[in-house]
Amino acid sequence: MPTPNQIITLAKSQVGITEYPPNSNNVVYNTAYYGHNVCDGVPNKNSKYPWCCAFVWWVFNQFQPCLVPKTASCMTMGQWFKDHGQWIEPGSQRVGDVVFYKFNTNKRWTNHVGIVDEVVGKNDIYAFEGNTSQKGSQTNGGAVLRKHRKANIVGYGRPKYVVSEKTMPTLRKGDRNENVLNWQKFLNMNGFYCGAEDGIFGKNTEKAVKEYQLSKGLVPDGIIGSKTWNSVR
């Protein structure tokens, strides 16, 4: 449902947010992911809550729940993109891709992720990352930052974006398709309740769309056209 620019705008707005207290992994993205506050070492000393994946999930989840999987594991998220035919090798990356890194902190094939903001070269990007640091290439630093990376990139996942108005079909009462289903998920998630998420644009969905349009200052016609698509922020 979102465009890459909408994802980047939201990710950029989070720069500077940090966990508190320091080195606790207590941060808003983990709270949203787990459904409650978490803190390293609680309830036991082996409890750990790294949140680079939770940050990526949170950003996409503000628009559409199914664009990336809900997981706190970099390997699980990366494998999901591979399993769905959405894995991109270095050199073909685009703004809005999810970038996967491998740092020498453990034996996992990937252990850090971010969202590509700018492509400079084949292995040269800027990305928004959670749970990172200003110092060097540390993966665990407790903040959301825009990072410049030239190494340690293993590949990219490409979410199924709406990339232009040509891929934004007009949706109205009576339509039945996956785009309607995705809008129903978005509406329910954001408090504009449309009832069953069945992909059928019925009267309840139309009513919810009108309420959403009013909240955005749009003409409440109940039709999802380009202005309604582009209002998603």
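Scroll up to find the structure.
Residues numbered from 1 in each chain as written. Predicted model: local features only at pLDDT ≥ 70, side-chain atom pairs only at ≥ 80, totals over all residues. Heavy atoms only, no water.

### What about the overall build of the protein chain?
Next up, step 1: A count of helices and strands for the protein chain gives seven helices and six strands.
Next up, step 2: Each helix and strand of the protein chain, ordered N terminal to C terminal, gives the series α-α-α-α-β-β-β-β-β-β-α-α-α.
Next up, step 3: Relative to a compact globule of 233 residues, whose C-alpha radius of gyration would be 17 Å, the protein chain shows 19 Å and is just as compact.
Next up, step 4: In terms of overall dimensions, the protein chain has a C-alpha envelope of 55 × 40 × 30 Å along the principal axes.
Next up, step 5: Here the protein chain, with 233 residues, has 48% of them falling under the buried criterion.
Next up, step 6: For the protein chain, restricting intrachain contacts to residue pairs at least 6 apart in sequence, the fraction spanning at least 24 positions comes to 54%.
Next up, step 7: Accessible area for the protein chain stands at about 11,500 Å²; split by element, carbon and sulfur atoms hold 49% of it. (Helix = DSSP H or I, 4+ residues; strand = E, 2+ residues; numbered from the N terminus. Rg over C-alpha atoms; globule rule 2.2 N^0.38 Å. Buried < 20%, exposed > 50% of the residue type's maximum accessible area, 1.4 Å probe, protein only. Contact = heavy atoms within 4.5 Å. Areas by Shrake-Rupley, 256 points an atom, 1.4 Å probe, with all protein chains shown as cover.)

### Describing the packing of helix 5 (residues 178-189) against helix 6 (residues 203-215)
Next up, step 1: Where helix 5 contacts helix 6, the axes come no closer than 11 Å and their chain directions differ by 60°. Judged by the angle between their axes, helix 5 and helix 6 are oblique. Two packed elements cross with a definite hand, and for helix 5 against helix 6 that hand is left-handed. Contacts from Trp-183, Gln-184, Phe-186 and Leu-187 of helix 5 reach helix 6 at Thr-205, Ala-208, Val-209 and Tyr-212.
Next up, step 2: Residue composition of the contact of helix 5 with helix 6, grouped by class: six nonpolar, two polar and no charged. (Axes fitted to C-alpha atoms, helices over the stretch in contact; angles between N-to-C directions. Parallel < 35°, antiparallel > 145°, perpendicular 65-115°, else oblique. Left-handed = near helix turned anticlockwise from the far one by under 90°. Nonpolar A, V, L, I, M, F, W, Y, C, P; charged D, E, K, R; others polar.)

### Quick word on the sheet that holds strand 2 (residues 98-101)
Next up, step 1: Taking strand neighbours across the sheet as the criterion, the six strands line up as 1-6-2-3-4-5 in an open arrangement whose pairing is antiparallel. The open sheet has two edge strands, strand 1 (87-88) and strand 5 (143-149), and neither has a second partner.
Next up, step 2: Judged from the four bridges that link them, strand 2 and strand 3 (residues 112-121) form a sheet pairing that is antiparallel. In the strand pairing of strand 3, Tyr-101 is matched with His-112.
Next up, step 3: Along the sheet, helix 1 (residues 4-13) contacts strand 3, strand 4 (124-132) and strand 5; its crossing angle with strand 3, the most-contacted strand, is approximately 115°.
Next up, step 4: Relative to the sheet, helix 3 (residues 52-61) contacts strand 2, strand 3, strand 4 and strand 5, its axis offset from that of strand 3 by approximately 70°. (Pairing = 2+ DSSP bridges.)

### Some thoughts on unusual backbone geometry
Next up, step 1: In this structure, Pro-21 follows Tyr-20 across a cis peptide bond, with omega equal to 0°.
Next up, step 2: Non-glycine residue Asn-131 carries a positive phi angle of around 55°.
Next up, step 3: With respect to the helices and strands, Asn-131 occurs in strand 4.
Next up, step 4: Although it is not a glycine, Asn-152 sits at a positive phi angle of roughly 70°.
Next up, step 5: Within the element layout of this structure, Asn-152 appears in the loop between strand 5 and strand 6 (153-157).
Next up, step 6: Judged by its relative accessible area of 31%, Asn-152 falls in the partly exposed class.

### With respect to the nonpolar core
Next up, step 1: Residues Phe-60 and Val-98 are the most contacted members of the largest nonpolar core, which totals 31 residues.
Next up, step 2: Mapped by element, the contributors of at least two residues to this core are helix 1, helix 2 (28-34), helix 3, helix 4 (74-83), strand 2 and strand 3.
Next up, step 3: A total of nine residues in this core trace back to one element, the largest contributor, which is helix 3.
Next up, step 4: When neighbours within four sequence positions are excluded, Val-98 is seen to be in contact with Val-56, Phe-60, Val-68, Met-77, Phe-81, Val-113, Gly-114, Gly-155, Tyr-156, Gly-157 and Pro-159.
Next up, step 5: Residues Met-168, Phe-186, Ala-208 and Trp-229 belong to the second largest nonpolar core, which totals 14 residues. (Core = buried A, V, L, I, M, F, W, Y, C linked by side-chain atoms within 4.5 Å.)

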